[in-house]
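Residue-level structural notes
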Amino acid sequence: MAFHQPYSGDILHLNVGGKRFSTSRQTLTLIPDTFFTALLSGRISSLRDEKGAIFIDRDPKIFSIILNYLRTREIELNGTDIRTLRHEAEYYNIAPLVKRLMLCEELTQSTCGDVLFYGSLPPPYIPIQDSTNGSLPCVETTAVHQVRPGSSLRVPDGQNGSGDNNKASTSTAGESVETSKSTPGQNPPQAVAQAVASGLVQNRPQGHSRNSSLELRLGMSTSYSRSSQDLRGLASRGHSRAASLDLRHVRNSSADLNKLIRNDVGLIFGMTNSSWADPLRVQIIKAHHNWIVVAYAHFVVCYRLKDSSGWQQVFTSPYIESCIERIAINAKMGSTETSKMVAISYGSQVRLWGISDTGSRTNIGTFNLHVRVEYLFFIGSQLVALSPSGKLGVWHAMTQHWQTQDVMPIASFDTAGSILLLGCNNGCIYYIDMQKFPLRMKDNDLLVTELYRDPNNDTVTAISVYLTPKTNLCGNWIEIAYGTTSGAVRVIVQHPETVGHGPQLFQTFTVHQSKVTKVTLSEKYLVSVCSEYNHVRSWRVTRFRGMLSTQPGSTPEASFKIVALEAVEPTISHGAANDCGPFGEQDDEQVFIQKVVPDADQLFVRLASNGKRVCVIKAVDGSTVSAFCVHECEGSSRMGSRPRRFIFTGHSNGSIQMWDLTTALDLSYKTDTDKTNGGPSPEELLRMLDQCDISNSLCSTPCMSPSPSLAAATRLKSSNVAFLNQLHQDSDRSSSST
């Protein structure tokens, strides 16, 4: 029965989650404007149990801590997590306790990050749709907190990119500018995006704020909390450093406003036809030498690293009407006026710019692959676009020529020097020598050669090339590992003694029951990943004089999973921007980057060889990590400088954050902690799942009071939810058995 009248009497009996408490009215009402004052004044309706005690459906263990605080003004945690206690204190609206718990959390968190945090780059200005005139040089020194100078960035020449197939055709690049036309169904959402972009350009506040996800999107003059996603209380709220004073349970991310706008646009124009994308959300990050290129929905920005002045923004592309899907950069093409090349793709279109060191732009041309570009990357000075349907497009810097050609449907690829290897659906591995590209122009054809055919004619779904140290002296020393759709992992080798006979099958592993999605052959390890929630198997390989040896042969090293839950409707660039790896040079320690949930604000860095955790990097401003890139920096010109490896993370508020992976690896080697599972612990996983809508789980208990924030939460694929339920059932069995 519900009671609405004020309660009488000095002694009150409470039933909290089935446990009875007795206290005085004075104790509960000592702090004004709380849940208890509203309850006892009749402003909140309540229930009484069969003995007349006021029933409160909350955790009795945590309530006892809060009740003790009301009695003594002392906090005794008794092993309770501070975050959980703050959640309950916010529910009961006890402001003094919330402030103290916030301070405790702030002591362990800093916007300057931990020892691995290297610096940040603020969100850029969104360009207005410009004419065909070339842009003026734009050099902007970025605000990096305590960035250590003297490092430059380098990645392998081959950047993953994609393309599709069609008839063989050629075209000569001209100095043209593409103006993409959208379909009528796409015009309304794009008009909304342009209106938002215009507002951002005109109203963007000066300087970079770590709480800027709302200001940068809407141009608001008032700052809001960086951790609050409860949009109900945005109106008339002032700036809060940690934003818990609205006393609601919130999660630390900046994606809800984007989702709210996207949902509203979808309600108006229909979600299936809506192509609206957050204009400031980082879509993809790629890097090469001292340069990085960051793709947003409708423009790209380039930064370069200088020894003395750190990172500088040197180039911003014109506004692209279509949503950018793939990017590539080549930052080492000599000392010409267009010594740097930046390419983007959207649909079947490929657009290429040349950039000088001062940031001036030359429009190389816009090319058409005739099918959607899936992979876009550079091999030397050649730009390559691939499509799984079997279309290959190549642009060469010397001839200024774009050529497309049909090949077999492509399932995987890898690069080694000037060689492009293609794993195809017919079970064959083909190779193309890009150095011979200019010589084949008169034939109007690329020289595509069959290198090897799988014994079972299984589709080659993953491929990795390892060039032995003697390859530089003799090109016949080559080793290739590949995976198939049936789950087999094979290693083929071509050594001097096998010249003239093609690569020979060296070893086969049939441990996977699902399609192999990744395979990497390095100096010390063979690592493969299958499609069953990124199940990883690794083997330690034996080498003699740099070549694979059968004595004693490969030995199993580890088996683990890099679980990365997917959203029901991910963006088209999600796969390219959130690839788990493995990353690293083949003669160095390689790592996986695990992003567990789509809107996570943290990444788990794990060794590719055994899955052990290296570190956890967490966004210093609490914003969602929307893209990441692992990149090795070259040593500077200063004596004694050595290369360093970094992780670049792009965020939903448009900023870029940098993390020192070399230091993380050094620290992990020094510690003796031996974690068998380097992924998230059950507590960490549950905390991250708070950001996702898993309401389609198999649980039969109805949710009587769902959180309003779930309306904008990321929905997970049903297969992911089934996997989580399986994990929950397995943990229940293990706990019951113990």
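The chain goes by BTB domain-containing protein in an unreviewed UniProt entry, where it is assigned to Exocentrus adspersus. Heading Sequence similarities (unreviewed entry) of the UniProt record for the chain holds this comment: "Belongs to the KCTD3 family."

**Considering the overall build of the chain**
Along its length, the chain carries 12 helices and 43 strands. In the chain, buried positions account for 54% of the 738 residues. A fraction of 59% describes how many contacts in the chain between residues 6 or more apart in sequence connect residues 24 or more apart. Per element, the accessible surface of the chain, about 32400 Å² overall, is 51% carbon and sulfur.

**Here's the deal with the side chain of D49**
You can see D49 is positioned in the loop between strand 4 (46-48) and strand 5 (54-56). D49 sits in the buried class, given a relative accessible area of 15%. Only 3.0 Å separates the side chain of D49 from the backbone nitrogen of G52, close enough to count as a polar contact. Among the polar contacts listed, one links the side chain of D49 to the backbone nitrogen of A53, at a separation of 2.7 Å. The residues contacting D49, other than those within four sequence positions of it, are N15 and R20.

**Some remarks on the sheet that holds strand 14 (residues 326-330)**
Taken in spatial order, the 4 strands make up an open sheet running 14-15-16-17, and their pairing is antiparallel. Of all the strands in the sheet, just strand 14 and strand 17 (361-368) have a single pairing partner and so form its edges. The average angle at which neighbouring strand axes cross in this sheet is 15°, direction not considered. Pairing of strand 14 with strand 15 (residues 340-346), which is carried by 5 bridges, proceeds in the antiparallel orientation. Opposite R326, over in strand 15, you have S345 as the bridge partner.

**Looking at the sheet that holds strand 28 (residues 489-494)**
Strand order in the open sheet formed by 4 strands is 26-27-28-29, with antiparallel pairing between adjacent strands. Because the sheet does not close on itself, it has two edges, and the strands there are strand 26 (460-467) and strand 29 (504-509). Within this sheet the neighbouring strands show an average axis-to-axis angle of 20°, counted without direction. Alignment of strand 26 against strand 27 (residues 478-484), held across 7 bridges, turns out to be antiparallel. Bridge pairing in strand 27 links S464 to A481.

**Let's talk about helix 10 (residues 661-670)**
Every buried residue belonging to helix 10 is among L661, T662, T663, A664, L665 and S668, and all of these are buried. A side-chain oxygen of the first residue of helix 10 lies 3.2 Å from the backbone nitrogen of T662; this N-cap is D660.

**What about the pairing of strand 19 (residues 382-387)?**
Burial analysis of strand 19 places 6 of its 6 residues in the buried class, which makes it a mostly covered element. With burial as the criterion, each face of strand 19 is covered, one bearing Q382, V384 and L386 and the other bearing L383, A385 and S387. Hairpin connection between strand 18 (residues 375-379) and strand 19: a loop of 2 residues separates the two successive antiparallel strands, and G380 in this loop has a positive phi of roughly 65°. If you look at the hairpin formed by strand 19 and strand 20 (residues 391-396), you'll find 3 residues sitting between the two strands, and G390 has a positive phi there, around 110°.

**Let's talk about the pattern of salt bridges**
Scanning the entire structure with this criterion turns up 18 salt bridges. Residues E532 and K561 are paired through a salt bridge, measuring 3.8 Å at the closest nitrogen-oxygen approach. Placement of E532 in the loop between strand 31 (525-530) and strand 32 (535-540) and of K561 in strand 35 (residues 555-561) is noted, with a sequence separation of 29 residues between them. Assessed through its relative accessible area of 36%, E532 is described here as partly exposed. When the shortest N-O distance is used, the salt bridge between D660 and R644 registers 2.9 Å. Remark: R644 occurs in strand 40 (residues 644-651) and D660 occurs in strand 41 (residues 656-660); sequence separation between them is 16 residues. Neither D660 nor R644 differs from the other in exposure class; each is buried.

**Quick look at the side chain of N363**
Mapped onto the elements of the fold, N363 is located in strand 17. Accessibility expressed as a relative area gives 9% for N363, which makes it buried. A distance of 2.9 Å separates the side chain of N363 from the side chain of W353, its partner in a polar contact. Looking at N363, its side chain comes within polar contact range of the side chain of R361, at 3.3 Å.

**A few points about helix 11 (residues 682-689)**
When we look at burial in helix 11, the residues that qualify are L685, M688 and L689. Taken around the axis of helix 11, the buried residues stretch over an arc of 100°, which confines them to a single face. Residues E683 and L686 are exposed on helix 11 and point more than 90 degrees away from its buried face.

**Side note on unusual backbone geometry**
Residues apart from glycine generally show negative phi values, whereas peptide bonds are mostly found in trans. Residue P582 is reached from G581 by a cis peptide bond, and omega for that bond is 10°. Mapped onto the elements of the fold, P582 is located in the loop between helix 9 (574-577) and strand 36 (591-594). At Y533, a position not held by glycine, the phi torsion is positive, near 55°. Note on placement: Y533 falls in the loop between strand 31 and strand 32.

**Description of the packing of helix 3 (residues 60-72) against helix 4 (residues 82-91)**
Axis separation between helix 3 and helix 4 bottoms out at 10 Å; the angle between their running directions is 70°. As far as their axial angle goes, helix 4 and helix 3 are roughly perpendicular. For the pair formed by helix 3 and helix 4, the contact residues are I62, I65 and I66 on the first element and T84, L85, E88 and A89 on the second. Split by residue class, the contact of helix 3 with helix 4 holds 5 nonpolar, 1 polar and 1 charged.

**Digging into the environment of L70**
Its place among the elements puts L70 in helix 3. Once the C-alpha coordinates of L70 and T29 are considered, the two residues, 41 residues apart in sequence, prove to be 8.9 Å apart. Among all residues touching L70, those that are not within four sequence positions of it are T27, L28, L30, I31, F36 and I94.

**Considering the packing of aromatic side chains**
Following the criterion strictly, the structure yields 19 aromatic pairs and no others. With a centroid separation of 5.3 Å and an interplanar angle of 80°, the aromatic rings of Y91 and Y92 are classed as edge-to-face. One aromatic cluster in this structure is built from F21, F35, F36, F63, Y91 and Y92. If you follow R58 out to its NZ or CZ, it ends over the ring of Y91, 3.7 Å from the centre.

**As for the confidence of the model for the chain**
Mean pLDDT for the chain: 74, with 66% of residues reaching 70 or above. Ignoring residues within four places in sequence, the model shows residues 132-263, a span with pLDDT below 50, making 376 contacts including any to other chains.

Rules and cut-offs
Residues numbered from 1 in each chain as written. Predicted model: local features only at pLDDT ≥ 70, side-chain atom pairs only at ≥ 80, totals over all residues. Heavy atoms only, no water. UniProt positions renumbered as here; feature names shortened; annotations may be inferred. Helix = DSSP H or I, 4+ residues; strand = E, 2+ residues; numbered from the N terminus. Buried < 20%, exposed > 50% of the residue type's maximum accessible area, 1.4 Å probe, protein only. Contact = heavy atoms within 4.5 Å. Areas by Shrake-Rupley, 256 points an atom, 1.4 Å probe, with all protein chains shown as cover. Polar contact = N/O pair within 3.5 Å; in protein donor to acceptor, adjacent residues only side chain to side chain. Pairing = 2+ DSSP bridges. Axes fitted to C-alpha atoms, helices over the stretch in contact; angles between N-to-C directions. Salt bridge = Lys/Arg side-chain N within 4 Å of Asp/Glu carboxyl O. Arc of directions from axis to C-beta. Parallel < 35°, antiparallel > 145°, perpendicular 65-115°, else oblique. Nonpolar A, V, L, I, M, F, W, Y, C, P; charged D, E, K, R; others polar. Phe/Tyr/Trp six-rings, centres within 6.5 Å; stacked < 30°, edge-to-face > 60°. Lys NZ or Arg CZ within 6 Å of the ring centre and 35° of its normal. pLDDT = per-residue confidence, 0-100.

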